[in-house]
Amino acid sequence: AWTEDLSALVFGIRTLKKSDARPEAARPAEAGADQTAKPEAPAAPPAPETPAEEKVDLVLWHHKDPRLQSQQQVQEQADKNFSYLSIYRVKEHTFIRLADDSVRSVNPAPKGAFAIGFDDREYERMGNLDGRRYRDVYVINMQTGDRKLALKKARYPGQPSVDGTKFFYYEDGSYFVYDMASGQSANITKLVPASFTDTENDTNVVKPPRPALGWTSDSAALLLSDGWDIWQVPAAGGPAVNLTGNGRKDAIRYRMIARFDPEEEGTDLSKTRYVSAFGEWTKKGGYARLDPGRPGAQMLLWDDAGFGVQRARKADV
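As a convention, each chain's residues are numbered from 1 in the sequence order in which they are written. With the structure being a predicted model, the display of local features is reserved for residues of pLDDT at least 70 and the display and counting of side-chain atom pairs for 80 or more, all residues being used for whole-chain, interface and lining totals. Hydrogens are left out, water is left out, and the side-chain values use all remaining heavy atoms of the structure.

Considering the pattern of salt bridges
Each reported salt bridge corresponds to a side-chain nitrogen of Lys or Arg within 4 Å of a carboxyl oxygen of Asp or Glu. Scanning the model with the defined rule gives 26 salt bridges in all. The salt bridge partner of Glu 49 is Lys 55, with a shortest N-O separation of 3.9 Å. Here Glu 49 matches Lys 55 in class, with each residue exposed. A salt bridge links Asp 79 to Arg 67, with the nearest nitrogen and oxygen atoms 2.8 Å apart. Exposed residues in this analysis have more than 50% of their type's maximum accessible area, buried residues have under 20%, and partly exposed residues fall in between, with area computed by a 1.4 Å probe over protein chains only.

Description of the layout of surface pockets
A volume near 530 Å³ is recorded for the largest pocket. Lining the largest pocket are 23 residues, with Arg 67, Arg 104, Ser 105, Asp 120 and Glu 124 sitting closest to its centre. Helix and strand assignments follow DSSP, with helices taken as H or I runs no shorter than four residues and strands as E runs no shorter than two, numbered in order from the N terminus. Ranked by the residues each element gives to the lining of the largest pocket, the list is headed by helix α3 (residues 124–130), at three residues. Residue polarity is assigned by list, with Asp, Glu, Lys and Arg as charged and Ala, Val, Leu, Ile, Met, Phe, Trp, Tyr, Cys and Pro as nonpolar; anything else, Gly included, falls into the polar class. For the lining of the largest pocket, the class distribution of residues is six nonpolar, seven polar and 10 charged. Approximately 390 Å³ is the volume attributed to the second largest pocket. With a 1 Å grid laid over protein atoms only, a set of points is called a cavity when a 1.4 Å probe fits there but cannot get out and a pocket when it is open yet has protein on both sides within 12 Å along at least five of seven lines; lining residues have an atom within 4 Å of a point. Phe 260, Lys 271, Thr 272, Arg 273 and Arg 311 are the residues nearest the centre of the second largest pocket, which is lined by 15 residues in total. Here the lining of the second largest pocket is composed, by residue class, of four nonpolar, two polar and nine charged. Grid points are joined across faces, edges and corners, and a volume is the space filled by probe spheres set on the points.

Things to note about the pairing of strand β14 (residues 230–234)
Within a regular strand, the side chains alternate between the two sheet faces. Taking burial as the measure, the five residues of β14 include four buried ones, the bulk of the element. Where strand β13 (residues 221–225) and β14 come together, five bridges link them in antiparallel fashion. Paired with Leu 224 across the bridge in β14 is Trp 231. Think of it this way: DSSP has to see at least two bridges between two strands before they count as a pair. Between the end of β13 and the start of β14, which pair antiparallel, lie four residues, with Gly 227 showing a positive phi angle near 95°. Strand direction decides the pairing type here: β14 and strand β15 (residues 241–242), joined by two bridges, are antiparallel. By the bridge assignment for β15, Trp 231 is matched with Asn 242. Between β14 and β15, which pair antiparallel one after the other, the connecting turn spans six residues, and Gly 237 there sits at a positive phi close to 90°.

Written out as structure tokens, the structure is:
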């Protein structure tokens, strides 16, 4: 794929392996070789047939394997087709390999300035045993290929911003934003009067997060849910805004902001948005409207029913 500014081409590379050589019997006779026929050896007697119930069927796994054998079987084809992300910069005539055996998983951030790489080798085996996944997170400069460790043993790394300059992550009950140019991170939720820990999650996880709802289209804020309301939390710090307002007070769960344009990048809060709602105790369903610059959600649909909404392609309906 081309980068957004068309300055470089991003692609994968892998080493091709030659197929096994053909057996001697299948090769054509070489010129001048002795073509004299040789007597065939007597055929060996057929081996006795093993009853089906006595045939051995084993799946073997070594305790030092980072992945369970069953997982290796499922991912066998993906392993064979795996390629290492690379980039060719057209103007500079420069090839840069972004991924290697130490950082295999690399994803370009928007705009083509940075990529984010993950290394789970140190934690993969234990993660497959106890289910707790950790990764070291790297920021890679797509202009030079320089790689910098951003997070050590991160469990909840998040998505890059729309402008490709930062990404969010969750740790110990708080959301953070990491600036990829400066290498600095900041806790953006420490002053928000709400908790973004999912206390209703009954799995064996300490302070599991409420999943983030994504970035605003201008990359200035992160949209978060406390399980009731939707918050607009500035990425550079500052007071957060409760967009829906009455979720916790009225026991209404505002769940997600409707996205009518599949190509929209981030959530544009300068336009009217629509958010799904659910009554925790009434079990009512509905949709509410969020107007720019006006705090609070205005309920449009609210009844003993489930609702789905679609927008007309060429009309404001």
